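Residue-level listing of the chains:
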Amino acid sequence: MVKPLPVDGTSSEAVYQGMKRAGIDFVVSVPCLNLKEVIQMVHRDPDIIHVPVTREEEGVGVCAGAYMGGRRPAMLMQNSGLGNSVNALASLNQLYGIPLVMIMSHRGVEGEPICAQVPMGELTTQLLEILEIPYFLPDSKADAIEKIQVAWKTALEGKKPSAVLLPIPFWR
Amino acid sequence: MQRIDAIREIAQKAGQDDALLVCNIGIPCKELYSVCDTPGNFYMLGSMGLASSIGLGLALSLPRRKIIAIDGDGSVLMNLGSLATIATQAPENYLLVIIDNGSYGSTGDQPTATSKGADLSKVAMGAGNRRVCRADSHEELKHILQDNDHGIIVVKVNPGNADAPNINMCPGDILRRFMTGSYQPSD
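How each quantity is defined
- Residues numbered from 1 in each chain as written.
- Chains lettered and ligands numbered in written order.
- Predicted model: local features only at pLDDT ≥ 70, side-chain atom pairs only at ≥ 80, totals over all residues.
- Helix = DSSP H or I, 4+ residues; strand = E, 2+ residues; numbered from the N terminus.
- Rg over C-alpha atoms; globule rule 2.2 N^0.38 Å.
- Buried ≥ 20, exposed ≤ 12 C-beta atoms within 10 Å, placed from the backbone.
- Contact = placed C-beta atoms within 7 Å.
- Axes fitted to C-alpha atoms, helices over the stretch in contact; angles between N-to-C directions.
- Parallel < 35°, antiparallel > 145°, perpendicular 65-115°, else oblique.
- Left-handed = near helix turned anticlockwise from the far one by under 90°.
- Nonpolar A, V, L, I, M, F, W, Y, C, P; charged D, E, K, R; others polar.
- Pairing = 2+ DSSP bridges.
- Right-handed = clockwise from strand over helix to strand, strands pointing away.
- pLDDT = per-residue confidence, 0-100.

1. Comments concerning the overall build of chain A
- Regarding its fold elements, chain A presents 6 helices and 6 strands.
- Walking chain A from its N terminus toward its C terminus, one meets helices and strands in the order α-β-α-β-α-β-α-β-α-β-α-β.
- Taking 172 residues into account, the globule formula puts the C-alpha radius of gyration at 16 Å, and chain A, at 15 Å, falls close to it.
- Within chain A, buried positions represent 53% of all 172 residues.
- Pairs at least 24 apart in sequence give 72% of the contacts found in chain A among residues at least 6 apart.

2. Quick word on the packing of helix H1 (residues 11-22) of chain A against helix H6 (residues 141-158) of chain A
All names here are of chain A.
- Contact geometry for H1 and H6: axes closest at 8 Å, N-to-C directions at 30 degrees. Between H1 and H6, the interaxial angle falls into the category roughly parallel. Crossing geometry of H1 relative to H6 is assigned as right-handed. Residues Ser11, Ala14, Val15, Gln17, Gly18, Met19, Arg21 and Ala22 of H1 lie in contact with H6, whose contacting residues are Lys141, Ala144, Ile145, Ile148, Gln149 and Trp152.
- Across the contact of H1 with H6, the residue classes break down as 8 nonpolar, 4 polar and 2 charged.

3. Here we look at the pairing of strand E3 (residues 73-78) of chain A
Residue and element names in this part refer to chain A.
- Burial of E3 is extensive: 6 of the 6 residues sit out of reach of the surface.
- The alternating pattern of E3 places Pro73, Met75 and Met77 and Ala74, Leu76 and Gln78 on opposite faces, both of which are buried.
- For strand E1 (residues 26-29) and E3, the ladder comprises 4 bridges, and the chain directions are parallel. Bridge pairing in E3 places Phe26 opposite Pro73.
- In this sheet, strand E4 (residues 100-106) lies alongside E3 in parallel orientation, the contact comprising 5 bridges. Within the sheet, the bridge partner assigned to Gln78 lies in E4 and is Ser105.
- Each parallel crossover has a hand, and for E3 linked through helix H4 (residues 80-96) to E4 it is right-handed.

4. Observations concerning the pairing of strand E1 (residues 20-23) of chain B
All names here are of chain B.
- The alternating pattern of E1 places Leu20 and Val22 on one face and Leu21 and Cys23 on the opposite face, and all of these are buried.
- As paired elements, E1 and strand E3 (residues 67-72) share 4 bridges and run parallel to each other. Counted as the bridge partner of Leu20 is Ile67 from E3.
- A crossover links E1 with its parallel partner strand E2 (residues 41-43), the connecting element being helix H2 (residues 27-35), and its sense is right-handed.

5. Focus: the sheet that holds E1 of chain A
Residues and elements named next belong to chain A.
- If you walk across this open sheet you meet the 6 strands as E2-E1-E3-E4-E6-E5, and the pairing is parallel. This sheet does not close on itself; its edge strands, each paired only once, are strand E2 (49-52) and strand E5 (135-136).
- As defined by bridge partners, E1 adjoins E2 across 4 bridges and the pair is classed as parallel. When the bridges of E2 are listed, Ser29 appears paired with Pro52.
- Against the sheet, H6 makes contact with E4, E5 and strand E6 (161-167), and its axis sits at roughly 160 degrees relative to E6, the strand it touches most.

6. Section: the interface of chain B and chain A
- Residue-level contacts link 27 residues of chain B with 24 residues of chain A.
- Sorting the residues of the side of chain B that touches chain A by element identifies helix H3 (51-61), helix H5 (81-89) and helix H8 (171-182) of chain B as the ones contributing at least two each.
- If you tally residues by element for the side of chain B that touches chain A, the top one is H3 of chain B, at 8 residues.
- Its residues placed into classes, the side of chain B that touches chain A shows 14 nonpolar, 13 polar and no charged.

7. Considering the confidence of the model for chain B
- Confidence along chain B averages 96 in pLDDT terms, with 98% of residues attaining 70 or more.
- For this predicted complex, the interface confidence comes out at an ipTM of 0.97, alongside a pTM of 0.96.

8. Things to note about the sheet that holds E2 of chain B
Residue and element names in this part refer to chain B.
- If you trace the 6 strands from one edge of the open sheet to the other, you get E2-E1-E3-E4-E8-E7, paired in parallel fashion. Each having just a single partner strand, E2 and strand E7 (132-135) make up the two edges of the open sheet. Strand-to-strand twist across the sheet, computed as the mean angle between neighbouring axes with direction ignored, equals 15 degrees.
- In terms of strand pairing, E1 meets E2 through 3 bridges, oriented parallel. For Leu21, the partnering residue across the bridge sits in E2 and is Asn41.

9. Quick notes on the packing of H1 of chain A against helix H2 (residues 36-44) of chain A
All names here are of chain A.
- At their nearest, the axes of H1 and H2 sit 8 Å apart, and the two run at 45 degrees to each other. Classified by the angle their axes make, H1 and H2 are oblique. Of the two possible hands of crossing, H1 and H2 adopt the one that is right-handed. Contacts from Ser12, Val15 and Tyr16 in H1 reach Glu37, Val38, Met41 and Val42 in H2.

Written out as structure tokens, the structure reads:
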């Protein structure tokens, strides 16, 4: 059963609840500091298969296999990993019609302390657009719960990847 | 032994074990299609390097189904992290067979690092995989396939491609056909 979100729920709890309500039951992860708690929640959940992977492109492949085996896959990742995944997203997911939700910590935007995050941070939405991957930008915790469900529905019905971008202010 | 001989042995095992079979990009897919086309074959036409990852996702999602993935040396070298991830998960229904011909066979037979000494069976063991076998001949491959339902097999073959026809299916049809039967447990 999906538990209601506590009134004082954290951003991480909102992301986790969104995933649960979307029926996500298979998660690969490449860590980001902002995803630390979500990854722990997913890892503890007996109804979710959690596979930490070494690189996002690898995760795209593992998730494709999971979908082919009847699961609802999502990838927890930093937006920098989108660049590592481009060929697989196009020549595996888009080619065959395989859904996937990418839940991204969007670094390199407002509040970013590390300059090396900025180039990919600024390119992320343009890359998604050129890849024809629909993306969602939740503006609150409650909206994140909603948008993650919409992102999965969009991926499933469109037979393609979708993305949810969670920038630095979302996690504060 | 040529690669198509190894593929024929693996396809035969998949048939006997009612296993789903994921096949690596390029001419290996065409060779599998020519020796044994069944709905349980997934022909990976793009995403070089990800056959072992797709196989892992399938194996974890379908624990009652046997899964075999055919990969190549050039492709595994492109996704070495997959060997470490497979070791951390170690599903007992997953057999990865790496056919090592020491060359990028689909792009003009350029040599890979395995032709200069890189040893993928040692890499697989070093990545933490406990059950790794190496076959250097057709007979060895037959015996190892008989005795192993999970783990990793590295089989050495000669470079060279068979004259196999193109796969006469579109990607969406390959996926639909595969998924229609994939939920059933192996006998």
